[in-house]
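# Tertiary structure, described
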Amino acid sequence: GGPPGSKDADGDRYIEIWNLVFMQFNRDDKGVLHPLPRPSVDTGMGLERIAAVLQHVHSNYEIDLFQALIKAAARETGAKDLDSNSLKVIADHIRACAFLIVDGVIPGNEGRGYVLRRIIRRAIRHGYKLGQTRPFFHKVVPDLSKAMGEAYPELPGMQDRVMQILKQEEERFAETLEHGMKVLEHALTREDKMLDGETVFQLYDTYGFPVDLTADIARERNVRMDYAGFEAAMERQRERARAASKFQMGASVDYQGAKTEFQGYDTLAVDDARVIAIYRDGSAVPSVNAGEAAVVVLDRTPFYAESGGQTGDAGELVAGGGTFVVADTLKIQSDVFGHHGKLETGALAVGDRVAARVDAVRRARTMRNHSATHLMHKALREVLGPHVQQKGSLVDADKTRFDFSHHSPMSEDELRRVEAIVNAEILANAATAARIMKFDDAVKHGAMALFGEKYGDEVRVLDIGSSRELCGGTHVKRTGDIGFFKVLSEGGVAAGIRRIEATTGDRALAHVQAQEQKLAGAAAALRTSPQEVSQKITQIIDNVRNLEKELARLKSKLASSQGDDIAGLAVDVKGIRVLAAAMDGADSKALREAMDKLKDKLKRAAIVLATVEGGKVTLIAGVTADLTGRVKAGELVNHVAQQVGGKGGGRPDMAQAGGTDPSKLPAALASVKAWVEQKL
């Protein structure tokens, strides 16, 4: 081929190793070029392209790093063709996914978590394309760690966690991939070569197919995709979600006034605040009367507005002409606080002066829980590892609810360790400190910034115990003010996301006392002391097991005895013995034992045994081996079961069934002789 730009150029003669971009002008909206104040040269060098040159190969995928990963992907998928594009995709994607997880990203449905999920699922689909339907992607991680671990030591250090998260995501997608592919394969057969938007949405919403994954598959089949139809389906879903949601008034009011001056860090009461706006049903009004609900905006307030996971304050606004009870405080705008509530007495108008008083007990409980949340976050990272990151929180007067990234349930020992660390910080009674800093300086000084949060140039840095985080919430003065910390529960809320709930102070004490009361009640019922409850329960369980064994033995003995008695009820039908009988007090195990003995005793036989317990019918049918060619136990037991409101099945020589109508059992058993006779 010729040089680039010539008529003979075919794109194969030259490989770009390094490019230089000479930046000299800025083109405005009208297309006019303006010289840059500082012309510059932007240089871009591909390290893998340099490696390809040094190793005398023509593609990034041929360098030693990628060849090791491609061979690992081939090993795990069973692919034989090492030039397969699917293997190259898997090799490329395992690097991206592993390093994202090492950096703290976990698969999710939004933001960077969804980017990771899309990459993982694209790689899984390429494995599926190669014929691998079982989880395989995570098994390539050790090969990646071996190839890149020396340069990136954090990768081997977190290898097990990366594998675990990838495996969970593979298993999650495997549940829907096969069904989704069937839906897609059918949709791709349309004559107009167009994949409709409704199907794309169904794949996205029901089967977890990212849109770009569906687009990849459609492109491979030369099928166009109806993006407009997909967007229309998405918008309909958003409308349904909006209609189902119930937002508190305040988020949509049209406020144009001054911002609220928040004084609640230092005081819980402001005696001369001024009402600067009132809203009813989202519209501005000059005043409200007794019994009317409204949102009141003040020029300054001690009320904290819900933010950063901490719920808003409650309290009251007392004016000369009435009292407004504040049930909650929410932000109308980022720096404008709306006091939501109801005027209990009198009237309240714009311009009135009020005494704004926060509910001190509720605020104190909320502060204790919020401060404990910071200590708990730090403790979780100490106990579980630095991968733990906050994924959501809700702090109110009753508890703190904290969502965090972690791949497995916490053990009892881990929970106890977290409790111990937090309570040790409380006992240390260290003073807390808050200061305003530049964001970059705060991070340099070790303050933890949360992924996904938006911060301004200046941030509030909170030091509490050994924790340092960016936080605008209200907190205790000393860690000892928290009093006592107690974990209430821990569980999963999504793949890779755990939720822990805890409480503090008087609420924690009340919880422990309630647990002690329950323990004392259990001890009294067991006629032992609280200290002996565990041993007493173990003793009772052992006794119950022994009694169950004895009961089973007696039932078996009874069934055997009844079996001997009912054997004489068998009738002869064309040379074989037919028996249909009910046995009192037998369970399924006893019926099976009796069946085996009766088959041995009657030799050539078709038998149905039944028992009734708790209004339910249990049936078992048995046919000796020499008769199964003509009489099937499954068909026989179903014949009886259908008459008593049930169904069942099993092997040709033994089958079980159940029923719900014991009143029809005698007639059903009586029909067995004729049914067998017909089969013979």
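Given the structure is predicted, the values throughout are model-derived calculations rather than measurements.

Calculation notes
- Every chain is numbered on its own, with residues counted from 1 as its sequence reads.
- Totals for whole chains, interfaces and linings use all residues, but because this is a predicted model, local features are given only for residues with pLDDT of at least 70 and pairs of side-chain atoms are given and counted only at 80 or more.
- Note: side-chain values were computed over all heavy atoms of the structure, leaving out hydrogens and water.
- In this description a helix means any DSSP run of H or I spanning at least four residues, a strand means any run of E spanning at least two, and both kinds are numbered starting from the N terminus.
- The globule rule used here is 2.2 Å times the number of residues to the 0.38 power, and the radius of gyration it is set against is calculated over C-alpha atoms.
- Each residue is placed in one exposure class: buried if its accessible area under a 1.4 Å probe, protein chains only, is under 20% of its type's maximum, exposed if it is over 50%, and partly exposed if it falls in between.
- Residue burial considers only the protein chains on display, and all accessible areas are found by Shrake-Rupley using a 1.4 Å probe.
- Positive residues here are Lys and Arg, negative ones are Asp and Glu, while His and the chain termini are left out of the count.
- For the purpose of locating charges, the reference atoms are NZ of Lys, CZ of Arg, CG of Asp and CD of Glu.
- Here the rule is simple: two strands pair whenever DSSP picks up at least two bridges between them.
- For every element, the axis is a line fit to its C-alpha atoms; helices are fit only across the contacting stretch, and the angle between N-to-C directions ranges from 0 to 180 degrees.
- Should any heavy atoms of two residues lie within 4.5 Å, those residues are considered in contact.
- Oblique is the label for any angle not covered by the other classes, which are roughly parallel (under 35 degrees), roughly antiparallel (over 145) and roughly perpendicular (65 to 115).
- A clockwise turn of the near helix away from the far one marks a right-handed crossing, whereas an anticlockwise turn of less than a right angle marks a left-handed crossing.
- Throughout, the ten residues Ala, Val, Leu, Ile, Met, Phe, Trp, Tyr, Cys and Pro are labelled nonpolar, Asp, Glu, Lys and Arg are labelled charged, and all others, Gly among them, are labelled polar.
- Here the bounds of each domain stem from an automatic or database domain assignment.
- Within the patch definition used here, like charges are joined within 9 Å and nonpolar side chains (Val, Leu, Ile, Met, Phe, Trp, Tyr) within 5 Å, considering only residues with over 30% relative accessible area and no salt bridge.
- When a carboxyl oxygen of Asp or Glu is within 4 Å of a side-chain nitrogen of Lys or Arg, the pair counts as a salt bridge.
- In plain words, nonpolar cores are sets of buried Ala, Val, Leu, Ile, Met, Phe, Trp, Tyr and Cys residues tied together by side-chain atoms within 4.5 Å.
- Geometry of aromatic contacts follows a simple scheme: Phe, Tyr and Trp rings, the Trp one being its six-membered ring, pair when their centres are within 6.5 Å, and the pair is stacked under 30 degrees between planes, edge-to-face over 60, tilted otherwise.

This part takes up the overall build of the protein chain. Looking only at helices and strands, the protein chain features 19 helices and 27 strands. In summary, the protein chain has a C-alpha radius of gyration of 36 Å against a globular reference of 26 Å for 680 residues, an excess of more than 25%. Its C-alpha atoms give the protein chain principal-axis dimensions of roughly 110 × 90 × 50 Å. Considering the protein chain as a whole, with its 680 residues, one finds that 42% of them fall into the buried category. With the model as given, the accessible surface of the protein chain reaches about 35600 Å², and the carbon-plus-sulfur share is 51%. Positive and negative side-chain charges in the protein chain, numbering 91 and 93 respectively, have mean positions lying 5 Å apart.

Another point: the sheet that holds strand S17 (residues 433-438). Judged by pairing direction, the sheet is antiparallel, and its 3 strands sit side by side in the order S17-S18-S19 without closing on themselves. With one partner strand each, in any of the chains shown, S17 and strand S19 (467-470) form the two edges of the open sheet. Ignoring strand direction, the axes of neighbouring strands in this sheet form an average angle of 25 degrees. Note: strand S18 (residues 458-464) against S19, 4 bridges, orientation antiparallel. When the sheet's bridge partners are listed, Leu-462 is paired in S19 with Glu-469. Across the sheet, helix H11 (residues 360-384) lies against S18 and S19, angled at about 115 degrees from S19, the strand it touches most.

So, on to the packing of H11 against helix H12 (residues 412-428). Each packed pair of helices is defined by two parameters, the angle between the axes and the distance between the axes. Packing of H11 against H12 leaves a shortest axis separation of 9 Å and a crossing angle of 135 degrees. With respect to their mutual orientation, H11 and H12 come out oblique. For the crossing formed where H11 meets H12, the hand is right-handed. When H11 is examined against H12, the residues Leu-375, Met-376, Ala-379, Leu-380, Glu-382, Val-383 and Leu-384 are found in contact with a partner set consisting of Glu-414, Arg-417, Val-418, Ile-421, Val-422 and Glu-425. The residue inventory of the contact of H11 with H12, partitioned by class, reads 9 nonpolar, no polar and 4 charged.

So, about the sheet that holds strand S24 (residues 605-613). Taken in spatial order, the 6 strands of this open sheet run S22-S23-S24-S25-S27-S26, and their pairing is mixed. Each edge of the sheet is formed by a strand with only one pairing partner; in this case those strands are strand S22 (571-573) and strand S26 (647-650). Each neighbouring strand pair of the sheet contributes to a mean axis angle of 20 degrees, computed without reference to strand direction. Taken strand by strand, helix H16 (residues 588-602) contacts strand S23 (576-582), S24, strand S25 (616-623) and strand S27 (654-659), and its axis lies near 155 degrees from that of S24.

Moving on, we get to the domain arrangement of the protein chain. Once the domains are mapped, the protein chain shows domain 1 (1-34), domain 2 (49-189), domain 3 (261-358), domain 4 (363-513) and domain 5 (558-679). Summarising the inter-unit geometry, the C-alpha centres of domain 2 and domain 5 are found 57 Å apart.

Turning next to a negative patch on the surface. A cluster of like negative charges, contributed by Asp-440, Asp-441, Asp-457 and Glu-458, occupies part of the molecular surface. On the secondary structure map, Asp-441 appears in helix H13 (residues 439-444). On the basis of relative accessibility, which here comes to 33%, the residue Asp-441 falls in the partly exposed class.

For the rest of this paragraph, the subject is the pairing of S26. Note: S26 against S27, 4 bridges, orientation antiparallel. Bridge pairing in S27 places Gly-649 opposite Gln-656. Count of turn residues in the S26/S27 antiparallel hairpin: 3 residues.

What follows is about the nonpolar core. Residues Ile-94, Phe-137, Leu-166, Leu-184, Leu-195 and Phe-209 are the most contacted members of the largest nonpolar core, which totals 62 residues. Beyond its immediate sequence surroundings of up to four residues, Leu-184 is in contact with Leu-195, Leu-203, Phe-209, Thr-214 and Ile-217. Of all hydrophobic cores here, the second largest spans 26 residues; its members include Ile-576, Ala-621, Val-637 and Ala-655.

Here we take up the pairing of strand S20 (residues 485-494). One ladder, built from 8 bridges, connects S20 with strand S21 (residues 497-504); its direction is antiparallel. Bridge assignment links Val-487 to a residue of S21, and that residue is Ala-502.

Under the counting rule described, the total for this entry stands at 9 aromatic pairs. Seen in terms of ring centroids, Phe-136 and Phe-137 are 6.2 Å apart; in terms of plane orientation they differ by 65 degrees. Their pairing is edge-to-face. A residue is classified by how much of its surface remains accessible, and Phe-136, at 1% relative accessible area, is buried. Among the aromatic residues, ring-to-ring pairing joins Phe-262, Tyr-265, Tyr-304 and Phe-337 into one connected group.

Attention shifts here to the pattern of salt bridges. Scanning all chains against the criterion turns up 38 salt bridges. Note that Arg-117 is salt-bridged to Glu-169, the shortest N-O span being 2.7 Å. Taken together, the residues span a long stretch of sequence, with Arg-117 in helix H4 (residues 111-129) and Glu-169 in helix H7 (residues 159-187) at a distance of 52 residues. Owing to a relative accessible area of 2%, Glu-169 belongs among the buried residues under this scheme. Across the salt bridge formed by Asp-653 and Arg-651, the nearest N and O atoms sit 3.0 Å from each other. The network of salt bridges with common partners includes Glu-412, Arg-416, Glu-419 and Lys-486.

Structurally, Ser-467 is set in strand S19. Residue contacts for Ser-467: discarding those within four places in its chain leaves His-374, Leu-375, Lys-378 and Leu-462.

So, on to the environment of Tyr-455. The topology assignment puts Tyr-455 in the loop between H13 and S18. Distance from Tyr-455 to Phe-439, taken between C-alpha atoms, is 7.5 Å for residues 16 residues apart in sequence.

What follows is about the environment of Val-418. As for its placement among the helices and strands, Val-418 is situated in helix H12. You can call Val-418 buried: its relative accessible area is 0%. A sequence separation of 41 residues divides Val-418 from His-377, and the C-alpha atoms of the two residues are 9.2 Å apart. If we ignore the near neighbours within four places in the chain, the residues touching Val-418 are Met-376, Ala-379, Leu-380, Val-383 and Met-410.

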